[in-house]
Amino acid sequence: MKTTIISALALFLAFGASAQDKYFTRDGYIKFYSSTPIEDIEAENHKVTAILDEATGKLEFSALIKSFEFEKALMEEHFNENYMESNTFPKSTFKGEIVGFDASKASDKPMDVTVKGTLEMHGVSKEITEKGTVTKKDGKYILKSKMMVNPEDYKIEIPNTVREKIAKELEVTIDVTLAIFKK
Amino acid sequence: MKKLIPILILTAAIGFGIGTYLFSKGHDETADIEAVFSMTADNAVQEFLDDQTASAAKYIDQVIEISGPVMGEPEKTDGKITAVKISSDDMYVVSCSFQNPLETAELADNITVKGVCSGFNGDAESMMPGGVLELKRAILIK
């Protein structure tokens with residue numbers, strides 16, 4: 001009887017402990033894409049940091065603005081100096097949660113989720129709610145989402161001279177693979 | 001006045017050509033740019049930890065040379081190395097993406113790279129552990 005209770009307790013603790021883990025990456029991917037009849041513009045950042053608390057569903061992202069890379073040097077310079085003012089606002093962050101996250105339901109099939117929280121960019125914080133998917137594969141969480149962002153919502157001013165070259169809303173693609181974080 | 005018109009047209013055409021070239025131009029080759037600073041990964045990270053504001057002013061947008069031990073497996077695309085982390089401490093690292101994928105499939109245990117500093121991503125008030133000093137458009141020196 002005692003052995004059974006101890007074994008059951010050990011199993012319970014082991015299961016409970018595994019659902020308390022944090023999952024982390026420094027190699028997350030975010031791309032933003034603007035398409036107009038005049039020009040398509042895209043920039044990619046392969047060094048996004050992200051962390052997921054498996055127990056609570058809390059989720060955070062952080063991306064340095066200067067780590068977004070453009071094909072054209074002048075475009076990258078204008079993006080940093082004129083639009084994002086990245087010397088003043090060096091990073092963009094998201095702090096929020098996967099709504100109603102239940103780690104036990106994650107599997108190797110993408111699961112639709114809703115992510116809610118605060119996106120901070122160019123010194124402006126905005127509450128957002130977006131759709132995404134969560135997949136658990138080989139012990140890692142893969143989070144993906146695609147959303148539209150309006151630069152004006154974050155007081156990013158696009159000069160009239162180039163207004164027609166940049167879409168009113170930018171498509172933002174997020175793709176991060178989070179591995180268990182061992183302290 | 002009549003003699004000026006062809007000159008004005010030519011000047012405008014040259015200006016347009018230069019403007020188009022500059023706007024379409026890719027990034028300079030990091031290999032052709034001399035590093036302004038050279039240090040170990042640990043020392044570089046420590047400078048940012050000690051004073052992020054001063055270090056940002058000193059290093060961001062500069063080409064810097066970083067040396068140290070390779071941490072973990074380099075990132076690869078189609079079998080070629082595209083990025084690597086350098087650090088002796090897995091909480092605070094230098095993350096470096098290469099301007100061009102490396103031809104070599106493997107790296108030595110200790111390497112030296114040269115790249116453009118994008119800044120330091122670390123926030124003691126967030127859930128995120130440690131911090132990362134980011135380099136872009138890097139090349140492998142040795």
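Residues numbered from 1 in each chain as written. Chains lettered and ligands numbered in written order. Predicted model: local features only at pLDDT ≥ 70, side-chain atom pairs only at ≥ 80, totals over all residues.

**Remarks on the overall build of chain A**
For chain A, the count of helices and strands is two helices and eight strands. Walking chain A from its N terminus toward its C terminus, one meets helices and strands in the order α-β-β-β-α-β-β-β-β-β. Per-residue burial for chain A yields a buried fraction of 29% across its 183 residues. (Helix = DSSP H or I, 4+ residues; strand = E, 2+ residues; numbered from the N terminus. Buried ≥ 20, exposed ≤ 12 C-beta atoms within 10 Å, placed from the backbone.)

**Some words on the overall build of chain B**
In terms of regular secondary structure, chain B is built from three helices and six strands. Helices and strands in chain B line up, N terminus first, as α-β-α-α-β-β-β-β-β. Whereas a compact globule of 142 residues would reach a radius of gyration of roughly 14 Å, chain B reaches 21 Å, over 25% beyond that. If you line up chain B on its principal axes, its C-alpha atoms span 70 × 35 × 30 Å. Scored against the burial criterion, the 142 residues of chain B give a buried share of 33%. Residue pairs at least 24 apart in sequence account for 60% of intrachain contacts in chain B once pairs closer than 6 positions are excluded. (Rg over C-alpha atoms; globule rule 2.2 N^0.38 Å. Contact = placed C-beta atoms within 7 Å.)

**Details of the sheet that holds strand E5 (residues 111-121) of chain A**
All names here are of chain A. Reading around the circumference, E1-E2-E3-E4-E5-E6-E7-E8 is the order of the eight strands in this closed barrel, with antiparallel pairing throughout. Within this sheet the neighbouring strands show an average axis-to-axis angle of 25°, counted without direction. Here strand E2 (residues 40-53) runs beside strand E3 (residues 58-64); their pairing, made up of four bridges, is antiparallel. Opposite Thr49, over in E3, you have Ser62 as the bridge partner. (Pairing = 2+ DSSP bridges. Axes fitted to C-alpha atoms, helices over the stretch in contact; angles between N-to-C directions.)

**What about the pairing of strand E6 (residues 124-137) of chain A?**
All names here are of chain A. Direction of pairing for E5 relative to E6: antiparallel, over a ladder of 11 bridges. Its bridge partner being in E6, Met121 is matched across the sheet by Val124. Where E5 folds back onto E6 in an antiparallel hairpin, the turn is made up of two residues, including His122, whose phi is positive at roughly 55°. Sheet topology places E6 next to strand E7 (residues 140-149); six bridges connect them, and they run antiparallel. Its bridge partner lying in E7, Val134 is registered against Leu143. Connecting E6 to the next strand, E7, in antiparallel fashion are two residues, including Asp138 with a positive phi near 50°.

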